[in-house]
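Secondary and tertiary structure notes
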Amino acid sequence: GRMDAAAALYREGKIRHLILSGDNRIVAYDEPKDMRAALLARGVPDSVLTLDDAGFRTLDSMARARAVFDLRKVTIITDDFHAARALVLARHFGLDPIAFTSAPVPLKWSLKTRVREVLARVLTILDITILQTKPHFLGNPEPVR
């Protein structure tokens, strides 16, 4: 659903570039590469796609959007249950975000993820208030224009 939403926003001229942020710590699981393939299959040109291979957590993705990719205003394309946490983290790292949610994932396919999201929200509050958690890896600047 997120890839359908991203492709539609691109085709409609609502977004110019996509940063595909996700985990790829193991060879068999490469979220950015999978997102890229899905968007290419939907007709989005490779020239507007940037892979962020160090988006291990939403916290990392938002920190890197600002510090590595030098973004200010962002549209976060995500699932309905994830949008609130992503917005909080984006603002925490100095971004001016809006969220665009894909079609809701039916509960029968997302119950485990929705329960996990409740716990992730608690951890997010701890991360930004008490723990002052830093991203796992920032890396060199790669401004996206």
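Residues numbered from 1 in each chain as written. Predicted model: local features only at pLDDT ≥ 70, side-chain atom pairs only at ≥ 80, totals over all residues. Heavy atoms only, no water.

**Brief notes about the nonpolar core**
Soluble, globular proteins show a tendency: their nonpolar side chains are buried together. Put simply, the test is: Here, the term nonpolar core denotes a set of buried Ala, Val, Leu, Ile, Met, Phe, Trp, Tyr and Cys residues that are joined through side-chain atoms within 4.5 Å. In this scheme, a residue with accessible area under 20% of its type's maximum is buried, one over 50% is exposed, and one in between is partly exposed, where area comes from a 1.4 Å probe on protein chains only. To qualify as a helix, a DSSP run of H or I must reach at least 4 residues; to qualify as a strand, a run of E must reach at least 2; elements of each kind are numbered from the N terminus. We call two residues in contact when some of their heavy atoms are within 4.5 Å.
By size, the foremost hydrophobic cluster in this structure holds 17 residues, and its most contacted members are Met62, Leu71, Ile76, Leu89, Phe93 and Leu95. Secondary-structure elements contributing two or more residues to this core are helix H3 (58-67), strand S3 (73-78) and helix H4 (83-92). In this view, Met62 contacts Ile76, Ala86, Leu89, Ala90, Phe93 and Leu95; residues no more than four positions away in its chain are not counted.

**What to know about the environment of Asp80**
In plain terms, the rule: We call two N or O atoms a polar contact when they sit within 3.5 Å, provided that within protein one can donate a hydrogen and the other can accept it, with sequence-adjacent residues counted only if both atoms are side-chain atoms.
One can find Asp80 in the loop between S3 and H4. In this structure the C-alpha to C-alpha distance between Asp80 and Pro104, which are 24 residues apart in sequence, comes to 6.1 Å. Those residues within four positions of Asp80 in sequence are excluded, and the remaining contacts are Thr101, Pro104 and Arg114. Reaching out from Asp80, the side chain makes a polar contact with the side chain of Arg114 at a distance of 3.3 Å.

**Section: unusual backbone geometry**
Within the chain, Asp70 stands out as a residue other than glycine whose phi angle is a positive 55 degrees. With respect to the element layout, Asp70 can be found in the loop between H3 and S3. For Asp70, a relative accessible area of 23% gives the class partly exposed. Non-glycine residue Gln132 carries a positive phi angle of around 50 degrees. Within the fold, Gln132 resides in the segment after helix H5 (107-131). Its relative accessible area of 41% is what places Gln132 among the partly exposed residues.

The quantities given are spatial measurements derived from coordinates; they are silent on function.
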